[in-house]
Amino acid sequence: MNAARLFPFLNELRHYSLRDFRADFVAALTVTPMAVPQAMAYALIAGVHPQYGIYACMLPVIVAALWGSARYLAAGPTNAISMVLFTTMSTVSIGGITVASLPEEARMPYIFGIALLCGLIQVGMGLARLGELANFISHSVMVAFSAGAALLIASGQLKTALGLPSSQAQGFFPQIDHVIHNFTHLNIWCLLVSGGTILLILLFKRISRRFPATLAALVIISAVSALLGLHEQGVRLVGAIPSVVPPLSLPPAFDMASIRDLFMPALAIALLGAVESLAIGKQLAGIRGDRFDGSQELIGQGLGNIAAGLTSGIPGCGSFTRSALVVTSGGRSRMGTVFSGLLALPMLFVMAPLVSWLPMPALAGVLLLISVNMIDIPAIRLCLRATRIDRWVLLITFASTLLLDLERAVFIGVLLSLTLFIYKAAHPRVRRLRATDPLMRYAPDNMPEGLVVYVIEGTLFFGAIHELERQLYEEDDTPPRLVVLHLTRVFWLDASGAHALEQFLERCYARSVPVVLVVGSRNVRDILGRTGVIDCLSDGFVADTLGDGLRIGVDMLNRHICCHTGCPEESCPGPACPTAAAPRSVDQLAQQCLHLMLPVDPASRPTAHGGCTKRLSCRNPRPPPTACPSTGSTPGWRPWPATATCPSACSAASTARRSA
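Residues numbered from 1 in each chain as written. Predicted model: local features only at pLDDT ≥ 70, side-chain atom pairs only at ≥ 80, totals over all residues. Heavy atoms only, no water.

1. Re the overall build of the chain
The line we're drawing: A helix here means a DSSP run of H or I that spans at least four residues, while a strand means a run of E at least two residues long, and both kinds are numbered starting from the N terminus. Note on classification: 1.4 Å probe, protein chains only; a residue is buried when its accessible area is under 20% of the maximum for its type, exposed when over 50%, partly exposed between these limits. Contact criterion: two residues are considered in contact whenever any of their non-hydrogen atoms come within 4.5 Å of each other. To be clear on the numbers: accessible area is Shrake-Rupley with a 1.4 Å probe, and residue cover counts the displayed protein chains and nothing else.
The helix and strand inventory of the chain stands at 25 helices and ten strands. For the chain, the residues scored as buried account for 53% of the 660 residues in total. When contacts within the chain are restricted to residue pairs at least 6 apart in sequence, long-range pairs at least 24 apart make up 79% of them. For the chain, the computed accessible surface area is about 29,500 Å², with 61% contributed by carbon and sulfur atoms.

2. Here we look at the confidence of the model for the chain
To be explicit about the condition: In predicted models, pLDDT denotes the confidence assigned by the predictor to each residue on a 0 to 100 scale.
When pLDDT is averaged along the chain, the result is 77; 79% of the residues meet or exceed 70. Counting interchain partners and residues more than four positions distant, the pLDDT-below-50 stretch residues 568-660 has 153 contacts.

3. Overview of the pattern of salt bridges
Oppositely charged side chains may form a pair once their charged atoms are brought near each other. What counts is decided by this rule: We count a salt bridge whenever a side-chain nitrogen from Lys or Arg sits within 4 Å of a carboxyl oxygen from Asp or Glu.
This model, assessed by the stated rule, comprises six salt bridges. The salt bridge partner of Arg332 is Asp20, with a shortest N-O separation of 3.7 Å. Of the two residues, Arg332 is situated in the loop between α14 (320-328) and α15 (335-355) and Asp20 in helix α3 (residues 18-45); the sequence distance between them amounts to 312 residues. The class for Arg332 is partly exposed, based on a relative accessible area of 32%. Accessibility expressed as a relative area gives 15% for Asp20, which makes it buried.

4. What about helix α7 (residues 104-127)?
Our working definition: To estimate how far a helix should extend, the number of its residues minus one is multiplied by 1.5 Å.
Its 24 residues place the ends of α7 34 Å apart at the C-alpha level, agreeing with the 34 Å of an ideal helix rising 1.5 Å per residue. Burial analysis of α7 places 17 of its 24 residues in the buried class, which makes it a mostly covered element. Looking at the residues trailing α7, positive phi occurs at Arg129, about 60 degrees.

5. Focus: helix α6 (residues 79-89)
The cut-off we apply is this: Nitrogen and oxygen atoms within 3.5 Å of one another constitute a polar contact, given that in protein one can donate a hydrogen and the other can accept it, and given that sequence-neighbouring residues count only through two side-chain atoms.
α6 sits mainly inside the fold: ten of its eleven residues count as buried. Turning to α6, its buried residues number three or more, namely Asn79, Ala80, Ile81, Ser82, Met83, Val84, Leu85, Thr87, Thr88 and Met89. Near the N-terminus of α6, the side chain that reaches the backbone nitrogen of Ile81, with its oxygen 3.5 Å away, is that of Thr78.

6. What to know about the nonpolar core
Side chains of nonpolar character tend, in soluble globular proteins, to be buried together. For clarity, the cut-off: Among buried residues, those of type Ala, Val, Leu, Ile, Met, Phe, Trp, Tyr and Cys that are joined through side-chain atoms within 4.5 Å constitute a nonpolar core.
Formed by 105 residues in total, the largest nonpolar core has its most connected members in Val48, Leu85, Leu272, Ile314, Leu363 and Leu367. Counting 44 residues, the second largest nonpolar core, distinct from the first, contains Val430, Val484, Leu493 and Val524.

7. Examining the environment of Gly450
As for its position among the elements, Gly450 is in the loop between β5 (429-432) and β6 (451-460). Given the relative accessible area of 23%, Gly450 is considered partly exposed. In sequence terms Gly450 and Arg481 are 31 residues apart; their C-alpha atoms lie 4.6 Å from each other. When sequence neighbours within four positions are dropped, the list of residues in contact with Gly450 reads Pro480, Arg481, Leu482 and Leu557.

8. Things to note about unusual backbone geometry
Its identity as a non-glycine residue notwithstanding, Arg129 has a phi of 60 degrees, on the positive side. As for its placement among the helices and strands, Arg129 is situated in the loop between α7 and α8 (139-162). Owing to a relative accessible area of 42%, Arg129 belongs among the partly exposed residues under this scheme. In this structure, Ser312 is a non-glycine residue whose phi angle is positive, near 65 degrees.

9. Some remarks on the pairing of strand β9 (residues 515-518)
Spelled out, the test is: Strand pairing requires that DSSP identify at least two bridges connecting the strands.
Judged by which residues are buried, β9 turns out to be covered on both faces: Val515 and Leu517 on one side and Val516 and Val518 on the other are all buried. Two strands pair when backbone bridges link them, and strand β7 (residues 482-486) and β9 are joined in this way by four bridges, in the parallel orientation. Bridge assignment links Val483 to a residue of β9, and that residue is Val515. The pairing of β9 with strand β10 (residues 542-543) spans two bridges and is classified as parallel. Among the inter-strand pairings, Leu517 is bridged to a residue of β10, identified as Val542.

10. What about the layout of surface pockets?
Where we set the bar: Both site types are read off a 1 Å grid over the protein atoms alone. A 1.4 Å probe that fits but cannot get out defines a cavity, while an open set with protein on both sides within 12 Å along at least five of seven lines defines a pocket; lining residues have an atom within 4 Å of a point. Grid points are joined across faces, edges and corners, and a volume is the space filled by probe spheres set on the points. In this count, Pro and Cys sit with the nonpolar residues alongside Ala, Val, Leu, Ile, Met, Phe, Trp and Tyr, while Asp, Glu, Lys and Arg are called charged and the others, Gly among them, polar.
Taken as a whole, the second largest pocket holds about 970 Å³ of empty space. Lining the second largest pocket are 39 residues, and of these Gly47, Phe86, Lys159, Ser167 and Arg236 lie nearest its centre. Contributing elements (two or more residues each) for the lining of the second largest pocket: α3, α6, α7, α8 and α16 (360-374). It is α8 that provides the largest number of residues to the lining of the second largest pocket, a total of six residues. Residues that form the lining of the second largest pocket fall into these classes: 20 nonpolar, 15 polar and four charged.

11. What about the side chain of Thr337?
Inspection of the secondary structure assignment puts Thr337 in helix α15. Excluding anything up to four places from it in sequence, Thr337 contacts Val61, Ala65, Tyr72, Leu73, Ala74 and Val326.

12. Remarks on the packing of α3 against α15
Inclusion rule: Lines fitted to C-alpha atoms define the axes, with helix axes restricted to the stretch in contact, and inter-axis angles between N-to-C directions lie between 0 and 180 degrees. The scheme is simple: roughly parallel for angles under 35 degrees, roughly antiparallel for over 145, roughly perpendicular for 65 to 115, oblique for anything else. Take the far helix as the reference: if the near one is turned anticlockwise from it by less than a right angle, the crossing is left-handed, and if turned clockwise, right-handed.
Here α3 crosses α15 at 50 degrees, and the two axes come no closer than 7 Å. If you check the angle between α3 and α15, you find them oblique. Here α3 runs over α15; the crossing is right-handed. In this structure, α3 contributes Phe21, Asp24, Phe25, Ala28, Leu29, Val31, Thr32, Pro33, Val36 and Met40 to the contact, and α15 contributes Met335, Gly336, Phe339, Ser340, Leu343, Ala344, Met347, Met351 and Val355. Partitioning the contact of α3 with α15 into residue classes produces 15 nonpolar, three polar and one charged.

This is how it looks when you write it as structure tokens:
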């Protein structure tokens, strides 16, 4: 493994210039004043002291930026991760006691343990090259989860913003019920502080997008709180930060019981963090035209969470708000995010005396504003209008976030996404081409009746063949006389698809309906050849392009019509029938009879005429046989189209091969 693989930031450092340094440092000066107050608020969502959110903005951010793939992705605490962390603490029990009910000094080691396990899971996913699996998570799931988490955050902060008594209620509806029943205990000072914080942030955002509106609003509110002595009016304060420098931390003594209890919460946070980070990183890489390696990004995010677990931080993931600010502030490389993590420490030194006077309702106001921005109304409207499946996925995931624990809601969302992917893969697009379809522009003029063209797009397996047969025999009023099956847009084929296609060909030939395959992909053609599907067809029944396949089908139908109705020699549209040499096997017998458009008698031996009932000459029409050559029944039977089942050439050849 080379150095570039172990240290992906070395390539950028080799070409790093003074101009890049100035641009990245200016971007860091813009991002850090916004990131630190956000981290404090997200720590409050997780139910821990704001200092642990600030610690997560230092070394974890630096490590994730250096070992990640996206040069603009800024990691750290986020609202969704903090919300999942808070809800899982109320479900994990140690010795019969839930972690959420433990004192903070006893609860934090378990949170550090979850961060450490989450990081290990993400690093393992990256080493296993699972970075592309996040693409299978439906957009509807993420939109619904964000909207549900926003309502949970808002409901959890209402009691703090209104100054109501604290409660152990968990979930959206219990918290709303607590607010309603205790509304008479409203503290007007808390309401003024939270409302004033929201108003100041909205006013400061009008100045500039780069202006640290949240930080400025919190500084003003803290100063007013200290001058007016609001803590004497029942307004709770954040309190002093015990240590400015992040202390080293260790998870609890791990045993199998602790790992089992903490693994599922860690897995839920790891999956959610992976999906968010990969989605944001890929979007930012697409804006700048950068190459994005999802697996490498998972390794970076995992190492960042491991650093958080060892330096008293809470777990996190990529943040779109901070990452977008790095781009808009003129950042040029990943060093902008690295400088942001480095600047968080001196900023904490400056802010530490002021943080002790910061009112809790002010942070609650920040979170209420964040929760409103989390609800993406246009995206919800798009999912509701797109398809019925997207609508149900959105509603089920949204209901799960409100009714169940967020840990379970994450797993339900992932399961719905995978189910949706399997459903789409199991229902490839099978459609019949009409004369007005753009793909039919190369079709010959005056196509005879009875020639139908079907195209399969996507994955070819038994589900696609089932849908093809349903359309072929259930939707058409008139039975087809010849089928052209367009497989050029099939990008994947396995043994089950090849077997299903072979069965489809046999059933078609049993109905005297020949099939012309259009196979443009060399890979698909090789698979069909190795699995024996092409053995059911002669060379004249396989084409490279749709135009060639249509010409083969038209010639075959015209020859058949000419042979049964009679036509002048000079106007016969089809070529003369070839002379049939004596075949040496049942396969050759079947191919010749199919090529001559005649049914085959499996009991017959190869003869000079190939074992067919009678040679077909375009210039010497003959009356059709009056009985099936194999059963001798069904008077009036015609080889084309069949009104009774007659053994096909492909069936005869396949039966002979199986017997052999």
